[in-house]
Amino acid sequence: MATIIDGVKVAAEVRGRAAEEVRELAAHGVTPCLAVVLVGDDPASASYVRMKERDCAEVGIESRDHRLPATTSQQELDDLIDALNADPAVHGILVQMPLPEHLDPESVIERIDPAKDVDGFHPESLGHLVRGLPGFRACTPAGVMEMLRAYDIDPSGMRAVVIGRSTIVGKPMALLLLEANATVTLCHSRTKDLEAVCREADLVVAAIGRPKMVDASYIKPGAVVIDVGINRTDEGVVGDVDFAAVEPIASAITPVPGGVGPMTRAMLMANTVAAAHSAAPRGQG
Ligand code: NAD
């Protein structure tokens, strides 16, 4: 029987620590502020934004809501980003993805001041990660590392396999595990004999987007299994891991829902508070 890694509980602890830091900053007259930009009316995106704003309220972060119509031009969005970059009261900027087709997500990400890049997607943030320098880490992989810490799972010396090479999850996940001294293999849709590669791993992170793809045949008995996947199916939201099949052989496993998902949002709060700390005048915060 595996330890079930409780993302809801660890996320609440992360938010609690962030709230504590917000109180310390308040004593110095600083209120962390996150600007949330939502373009268009995609219901899933609107619901993510609402949850993030609710988290802000709980932690004591001010959230500023910028809702733009789906017809917004690149110039209008650029102008908003420039204004938010220049506003000293705004510490973090989040542009909810995906953007409508006619807008270029890469240029938007690059336009955000790296000091306010609380999503950790800016090339400078990713460059700092590659170089092992301090900086904002992408929230989902950072959340996975936080969960491992909370459960005293030290990746040092482990053979870790990350499945999925996206820029928001798989690649930064592999780099964070490398930074934590794991021996990392990054797998993807062209990997040959994926099951055999995964079966060598002490730690498997699945970030694929395929419901229950990772079954018991991928997992070495006693391995730690982290399921990043969020797949909407007829039977509700399921992960990339077949939980019922894998849980009996893993040593620890994250459920879906209630695993990595809540951690992603909590790390956004932590990053925003860190941004406010860095922006506070010397001697404050
Ligand atoms: P993506 O589509 O950008 O990347 C998926 C990756 O999986 C690709 O690199 C691809 O090579 C790999 N892949 C696809 N099919 C494969 C196969 N058959 N075998 C091996 N590799 C395969 O997705 P993403 O944005 O990285 O998200 C991955 C999953 O994580 C999705 O389910 C997404 O909803 C979820 N997600 C969850 C959170 C969270 O907070 N928990 C955050 C972001 C993404």
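Summarised in this report is the structure supplied together with it.

Scoring rules and cut-offs
- Residues numbered from 1 in each chain as written.
- Predicted model: local features only at pLDDT ≥ 70, side-chain atom pairs only at ≥ 80, totals over all residues.
- Heavy atoms only, no water.
- Helix = DSSP H or I, 4+ residues; strand = E, 2+ residues; numbered from the N terminus.
- Buried < 20%, exposed > 50% of the residue type's maximum accessible area, 1.4 Å probe, protein only.
- Contact = heavy atoms within 4.5 Å.
- Salt bridge = Lys/Arg side-chain N within 4 Å of Asp/Glu carboxyl O.
- Near = heavy atom within 4 Å.
- Polar contact = N/O pair within 3.5 Å; in protein donor to acceptor, adjacent residues only side chain to side chain.
- Areas by Shrake-Rupley, 256 points an atom, 1.4 Å probe, with all protein chains shown as cover.
- Nonpolar A, V, L, I, M, F, W, Y, C, P; charged D, E, K, R; others polar.
- Pairing = 2+ DSSP bridges.
- Axes fitted to C-alpha atoms, helices over the stretch in contact; angles between N-to-C directions.
- Left-handed = near helix turned anticlockwise from the far one by under 90°.

Each helix and strand counted, the protein has 10 helices and 11 strands in total. Overall, the C-alpha framework of the protein stretches about 50 × 45 × 35 Å when taken along its three principal axes. Looking at the protein as a whole, 47% of its 285 residues qualify as buried. Considering only residue pairs separated by 6 or more positions, the protein has 70% of its internal contacts joining residues 24 or more positions apart.

Before going further, it helps to spend a moment on the pattern of salt bridges. Under the counting rule described, the total for this entry stands at 16 salt bridges. The salt bridge partner of Glu 179 is Arg 137, with a shortest N-O separation of 3.2 Å. One end of the pair, Glu 179, is in helix H7 (residues 170-179); the other, Arg 137, is in the loop between helix H5 (123-131) and helix H6 (139-150), with 42 residues separating them in the sequence. Taking relative accessible area as the criterion, Arg 137 reaches 15% and is therefore assigned buried. With a closest N to O distance of 2.9 Å, Arg 149 and Glu 146 form a salt bridge. Highlighted residues: Arg 149 and Glu 146, both in helix H6, separated by three residues, approximately one helical turn. Overall, Arg 149 belongs to the exposed group, its relative accessible area being 53%. By relative accessible area, which is 13% here, Glu 146 ends up buried.

A word on the site of the ligand. Every one of the 22 residues lining the ligand counts as a neighbour, but Arg 165, Ser 166, Arg 210, Val 228 and Thr 264 are closest to it. Within the side chain of Thr 264, a nitrogen or oxygen atom sits 2.7 Å from an oxygen atom of the ligand. Protein chains shield 72% of the accessible area of the ligand, which is 850 Å² for the free molecule. Broken down by element, the residue count for the shell around the ligand peaks at three residues, all from helix H10 (residues 260-279). In the shell around the ligand, the residues fall into 10 nonpolar, 10 polar and two charged.

Within the secondary structure, Ser 125 is located in helix H5. The exposure class assigned to Ser 125 is buried, which follows from its relative accessible area of 5%. Only 2.5 Å separates the side chain of Ser 125 from the side chain of Asp 117, close enough to count as a polar contact. Other than its neighbours up to four places away in sequence, Ser 125 contacts Asp 117, Gly 120, Phe 136 and Arg 137.

Taken in spatial order, the three strands of this open sheet run E3-E2-E4, and their pairing is parallel. Two strands in the sheet have a free side with no partner beyond their single neighbour: strand E3 (62-68) and strand E4 (92-95). Direction aside, neighbouring strands of the sheet carry axes that sit 15 degrees apart on average. Contacts from helix H3 (residues 74-86) reach strand E2 (33-39), E3 and E4 within the one sheet, and its direction differs from that of E2 by about 180 degrees.

Bringing the side chain of Thr 254 into the picture now. Note that Thr 254 resides in the loop between strand E11 (252-253) and H10. We classify Thr 254 as buried; its relative accessible area is 1%. For Thr 254, the side chain forms a polar contact with the main-chain nitrogen of Asp 227, separated by 2.8 Å. If sequence neighbours within four positions are ignored, Thr 254 has contacts with Ile 5, Met 147, Val 225, Ile 226, Asp 227, Phe 243, Gly 259 and Val 260.

To continue, consider the packing of H6 against H7. In the contact formed by H6 and H7, the axes pass within 9 Å of each other and the chain directions differ by 35 degrees. The chirality of how H6 crosses H7 is right-handed. Only Pro 172, Met 173, Leu 176 and Leu 177 of H7 make contact with H6, whose side of the interface consists of Pro 141, Ala 142, Val 144, Met 145 and Leu 148.

What follows is about the pairing of strand E8 (residues 224-227). Covered by surrounding structure in E8 are Val 224 and Ile 226 together with Val 225 and Asp 227, the residues of both alternating faces. Of the pairings in the sheet, the one linking strand E7 (residues 203-206) to E8 comprises four bridges and is parallel in character. In the sheet register, Leu 203 faces E8, and the bridge partner there is Val 224.

The subject of this paragraph is the environment of Val 197. Within the secondary structure, Val 197 sits in helix H8 (residues 194-199). Among the residues examined, Val 197 registers a relative accessible area of 24% and is labelled partly exposed. In the structure, Val 197 is positioned 38 residues away from Glu 235 in sequence and 29 Å away in space, judged by C-alpha atoms. Ignoring anything within four residues of it in the chain, the contact list for Val 197 reads Val 161, Thr 185, Cys 187, Thr 191 and Lys 192.

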